[in-house]
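# Residue-level structural notes
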Amino acid sequence: MRKGARRMSETVSSGLPAHAERHHVGHGPELRHHFEEAEQQHEASTLGMWVFLATEILFFGGLFTAYTIYRSFYLPGFEAGSRLLDVKAGAANTAVLIGSSFTMASAVHAAQTGKRKLLVTCLILTMILGCVFLGIKYTEYAEHWHEFQVPGLHWDSAATFFKNAPNGSVELFFCFYFFMTGLHAVHMIIGLGIMTVMLILSWRGRFAEKYFSPIEISGLYWHFVDIIWIFLFPLLYLIGGRYQ
Amino acid sequence: MNVTSSYQLCAAVYAFAGKWPNFPLKPPTASTTAASVDHLQFALTAITLFFTIGIFSTIFYFMVRYRRRSEDEIPAETQTSLPLELTWTIIPTLICAGLFVWASSLYFENSRPPNAAMEIFVIGKQWMWHLQHTEGPREIDELHVPVGVPVKLTMTSEDVIHDFFIPVFRIKKDVLPGRYSTIWFQATKIGTYHFFCAQYCGTDHSGMIGWVYVMSPSDYARWLNSNVNKETMAGGGQRLFTQFGCVTCHGPGGNGTGPSLQGIYGTQVTLRTGQNRTVDDAFIRQAIVNPNALPLANFAPIMPSFQGQVDEEQILQLIAYVKSLGPEESEMK
Amino acid sequence: MEAPPTSRVNYLNASYGVKSWLFTTDHKRIALLYLASITVMFFVGGIAATLMRFHLVQPEGALVQPDTYNKLFTIHGVVMVFFFLVPSIPATLGNFLVPMMIGARDLAFPRINLLSWYIYIVGAGFTLYAIMTGGVDTGWTFYTPFSSNYAHTQVIATALGVFITGFSSILTGLNFIVTIHKMRAPGLTWFRLPLFIWSMYATSVIFILGTPVIAITLFLLGLERLLHVGIFDPAIGGDPLLFQHLFWFYSHPAVYIMILPGMGVISELITAFSKKKIFGYTFVAFSSMAIAVLSFLVWGHHMFVTGQSVYAGLIFSVLSFMVAIPSAIKVFNWTATLYKGSISYQAPMLYALGFIGLFTMGGLTGLFLASLATDVHLNGTYFIVAHFHYIMVGGAVMAYLGGIHFWWPKITGKLYPDGWARLAAAIIFVGFNLTFFPQFVLGYLGMPRRYAVYPPEFQVLNVMSSAGASILAVGYLIPLIYLTWSIRYGPAASANPWGAKGLEWETPSPPPTENFEEIPIVTEEAYAYAEGRTAHV
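I will try to describe carefully the structure that is included in this document. (Residues numbered from 1 in each chain as written. Chains lettered and ligands numbered in written order. Predicted model: local features only at pLDDT ≥ 70, side-chain atom pairs only at ≥ 80, totals over all residues. Heavy atoms only, no water.)

Let us now look at the overall build of chain A. Counting its secondary structure elements, chain A contains eight helices and two strands. Reading chain A from its N end, one meets helices and strands in the order α-α-α-α-α-α-β-β-α-α. By residue count, 53% of the 244 residues in chain A fall in the buried class. A fraction of 77% describes how many contacts in chain A between residues 6 or more apart in sequence connect residues 24 or more apart. Within the structure as shown, chain A displays about 11,200 Å² of accessible surface, and the carbon and sulfur contribution to it stands at 67%. (Helix = DSSP H or I, 4+ residues; strand = E, 2+ residues; numbered from the N terminus. Buried < 20%, exposed > 50% of the residue type's maximum accessible area, 1.4 Å probe, protein only. Contact = heavy atoms within 4.5 Å. Areas by Shrake-Rupley, 256 points an atom, 1.4 Å probe, with all protein chains shown as cover.)

Have a look at this one:
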């Protein structure tokens, strides 16, 4: 029988129903009372985060689908647009994010093993790397603005980006570039907010071997945001035919 | 009440109601494909009524027969029956499969216009329909056609998505900006019938309606000739061809900067990317409004875009002109 | 014997004051917060419909200018779909009953539950703001390029309202999935779950996977409208049909969000009022999951006449036929459940029986639309309007009302007057059919939908439809009156006034805040009526 319907032997062994048996057994303040046991709460939180990440996949998925479809319609324009992106910045950002996922995983491990100082250090490093990512992104955006490559707001419709690429399709590419990386950046900022809360709670000693679930699920979120970037980087920066 | 008798009952009801002048249940059947669509509709109605009445009457019967007679009664359990479950899964599946095959083959048949179809061009714009005959006459919110002749409508929109719907022919198709959609019909009954816009398009969507006049061939010919506008579509296209300077690069005496259009319609050309494309209506339209998207091999990509300078009607006239210069319409359209 | 309810502490009287309601994390109170909000939105959407039907009694329009009419049908659609039907059963009955039916004390994430209600309110606020500052006239479908480049109304505010409310659905679905997986009482295996829970689970899967897509679609629409970047504008190479694909990828599964919970309610009502186990439990449970999965594969049937390829049409047509089969299986199983039952006709049962017949008809008229050849003629006409109203009003709303009546004693601890309820059910049934049956005929005759004015030959059927609508409106007002009355003046309800099976009936009416004194241990199948005398307290 799965955890969701707990083993009857556990509950009827003492002749008392589960709730009465466990109600006054010592548990930390973190156990919310609609849960019967800490294990149940932990599993519920983790499943909840995975379900949430599934929704995020569909959210970004819509954009990825639209991007793929337009890319197939307007390959020259999308390749031209892609070549106007700064691959070095993108690669640096990829390294930064992978690094931040490493520090995040270290933070989770630190929480699991009860090492408060290490946990705090790793969280701070993760946040620093996240800010570095956003900083690099900002410089890229500023450069595009400077070059009149921001659709709708600051776009040079007379520019000829590439011989075979109509201006409109390059503009479409940049629409997707800004939407997709912008949405990703918003998720990064939200992630930094979550990390700030986790940092404060960790500093206060809230997490230990017995209870580290928020760190774990924040880690899941952070890794997810990293993975989205792992897809964005090749799709936007690398497959523009620049390496033929 | 089995399905066959339901079907016959429905057909009879429809037919009877059709004769009752103030309460028709279906529009007049005025095209070659309308009757077959009606047959499918009858069958679907029969199936719907059969199951709806069947379920309702079974429920009603059970309600009465098994009504609760005392508060304490506990009915015996009825065992789930796998054969029963399979039966009422498989039979609906077979019915659906049959309907799918019938409907799809009818749809397939009806979607391909006959080769000898007479072409009329339709442009939807908020909130009116412009219709253009190749011989020249232009109509607004009216469509004159001869009976018994297949007619192909090539349609586009100037602005938002519209939909051209002729109930008596049982046809409709969305009319989109930036591309051509086609439908066809062959009218079988002389008369005057509605057409409607059937895709919401703004304030006067419900005003975007008109009349189809199906006339005898002789009446139609007389109507064509009486039309004041003597310029055919191709003639208009030729005029525009000169007016917009197309003749400079593409004309027979032109400087050869652009490909000669003689005989080009329906043939294949090669783009710089190596792709082959057929020169059809959509291709010509794209070449006029967005030539950079179709750079041809062997030609410098210097053709300017005419987007905003020509409207959809003029584009259709130019296409008609190019068609007039060349081979027959390609089968691949 | 049980102590009189007034002296017992329950979730309603456990704490008083506005703050105890606005900051509650009790799933039962949150369900009531939702109940109040969606009732308000139902009447907003209903007023729009009443005005529309009144306007349509005359071919040239009896009431408003075409611009206003266009805003009315848009508002009716947006409000009814996103702010009433989608949340109706899940957020009210689902929130209340999911923990109780599985023997839990609350949902997995009570604070997220409250958050989802606030998100709904904010989204509704934006939409009401849009309505009051000029309205929106794009149709609830927001087709481009009209909505992105041509409409002069509050498109962005409305799209923002819908976008925000979508997150409310996502959080509700997330909560239900985790709760059902992780918080079932001891002994409550998956195949002992009430079918209402199966249908909530299936609905939640669609919430999770579908809603984000409409969110991103409306987000793109808003950006295009603000920045004129042309994602959907053909003039710079955008594709208006891409919008339709993205829109319907959510909105088709959304209609199954609207009907699956109703089907779950019907399973509960049919079993309770015939005192019998459901016939074919496994088939009904799996059909809910099959519907949820198949619902994602059929969106193209809304686009048969857009010029999409014939082959795409064939694929979507065959899948659309397939998705009808699980619904048919349910209808047959419900009907078979009645066989040799002990059937009583209180109002909830009348609603359930009405549902079965009307849903059958609505579903079968879907076959006309899955059939490519007939859809060409019927698309964009009143036939479509009739089809979806048969399912959403004749189906989902009737199931909702049936469920509200069935669980009313549990939720409020009061009994409503069943005579009035049965009268209202009958009025609703008659009014509904008179409103929407003529629309099937109108559609086949060729009257397009979303028309503010129409050719005079369609008038008789329009007048019939409007007459029906006025009857339907009366029918909906009656429950509002007697249900509200019963809260104050109704007789007290016992724990199980219907003698029904289910964990929610094994706790007092209204339940205490923690739902159960002790978490029950489940030892029997669902709907185990025949296994012993039902505790009729």
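Moving on: helix α5 (residues 110–132) of chain C. Residues and elements named next belong to chain C. For α5, which comprises 23 residues, the first-to-last C-alpha distance of 33 Å matches the rise-based estimate of 33 Å (1.5 Å per residue) to within 8%. Buried residues along α5 sit against α1 (18–22), α2 (27–55), α3 (66–85), α4 (88–101) and α7 (155–182). Just downstream of α5 lies Gly-134, where phi reads positive at about 115°. (Expected span 1.5 Å × (residues − 1).)

All names here are of chain A. On the surface, Ile-98, Ile-227, Ile-230 and Phe-231 cluster together into a nonpolar patch covering about 370 Å² of accessible area. For the nonpolar patch, the element with the highest residue contribution is helix α8 (residues 213–238), accounting for three residues. As for its placement among the helices and strands, Ile-98 is situated in helix α5 (residues 87–112). (Patch = residues over 30% accessible without salt bridge, like charges linked within 9 Å, V, L, I, M, F, W, Y side chains within 5 Å. Salt bridge = Lys/Arg side-chain N within 4 Å of Asp/Glu carboxyl O.)

Here the focus is the packing of helix α4 (residues 75–83) of chain A against helix α7 (residues 167–203) of chain A. All names here are of chain A. Put simply, α4 and α7 touch, their axes get as near as 8 Å, and they point 55° apart. Here α7 runs oblique to α4, going by the angle between their axes. The two elements α4 and α7 meet at a crossing, and its hand is right-handed. Counted together, Gly-77, Phe-78, Ala-80, Gly-81 and Ser-82 of α4 and Ser-169, Val-170, Leu-172, Phe-173, Phe-174 and Phe-176 of α7 form the full contact between these two elements. Per-class residue counts for the contact of α4 with α7 are seven nonpolar, four polar and no charged. (Axes fitted to C-alpha atoms, helices over the stretch in contact; angles between N-to-C directions. Parallel < 35°, antiparallel > 145°, perpendicular 65-115°, else oblique. Left-handed = near helix turned anticlockwise from the far one by under 90°. Nonpolar A, V, L, I, M, F, W, Y, C, P; charged D, E, K, R; others polar.)

Right, let's get into the side chain of Glu-171 of chain A. Along the chain, Glu-171 of chain A falls in helix α7. In this structure, Glu-171 of chain A is buried with no salt-bridge partner, the nearest side chain bearing the opposite charge being Arg-285 of chain B at 16 Å. Residues within four places of Glu-171 of chain A in sequence aside, it is in contact with Pro-151, Gly-152 and Trp-155 of chain A together with Val-229 and Ile-236 of chain C. (Lys, Arg positive; Asp, Glu negative; His and termini not counted.)

Let's shift gears to the sheet that holds strand β7 (residues 171–175) of chain B. Residues and elements named next belong to chain B. A sheet is described by the order of its strands in space; here five strands give the open sequence β4-β10-β9-β6-β7, paired in mixed fashion. In this open sheet, the two edge strands, each paired with only one partner strand, are β4 (142–146) and β7. Geometrically, the sheet is characterised by an average inter-axis angle of 20° between neighbouring strands, direction not taken into account. In this sheet, strand β10 (residues 210–215) lies alongside strand β9 (residues 191–197) in antiparallel orientation, the contact comprising five bridges. Pairing of His-194 across the sheet is with Trp-211, part of β10. (Pairing = 2+ DSSP bridges.)

With that out of the way, let us pick up the interface of chain B and chain C. On the chain C side, the residues contacting the 84 residues of chain B number 97 residues. A per-residue breakdown of the area chain B buries against chain C is headed by Arg-68, Tyr-107 and Tyr-200 of chain B, which together make up 10% of the total. One can count two salt bridges joining chain B with chain C. Taking the shortest distance from any N to any O, the salt bridge between Lys-277 of chain C and Glu-77 of chain B comes out at 3.1 Å. On inspection of chain B and its partner chain C, the count reaches 24 residue pairs in polar contact (both at pLDDT 80 or more). Listed by contribution, the elements that provide at least two residues to the side of chain B that touches chain C are α2 (34–65), α3 (82–111), β6 (162–166), β7 and β9 of chain B. Considering every element that reaches the side of chain B that touches chain C, the biggest residue donor is α2 of chain B, with 17 residues. For the side of chain B that touches chain C, the residue count by class is 45 nonpolar, 22 polar and 17 charged. (Buried area = accessible area lost by both parts, 1.4 Å probe. Polar contact = N/O pair within 3.5 Å; in protein donor to acceptor, adjacent residues only side chain to side chain.)

Glancing now at the environment of Phe-62 of chain B. If you trace the backbone, Phe-62 of chain B turns up in helix α2. As for Phe-62 of chain B and Thr-52 of chain B, which are separated by 10 residues in sequence, their C-alpha atoms are 15 Å apart. Ignoring anything within four residues of it in the chain, the contact list for Phe-62 of chain B reads Arg-67 of chain B together with Thr-335, Leu-338, Tyr-339 and Ile-343 of chain C.

Honestly, that's just the spatial picture; any functional story needs more than this.
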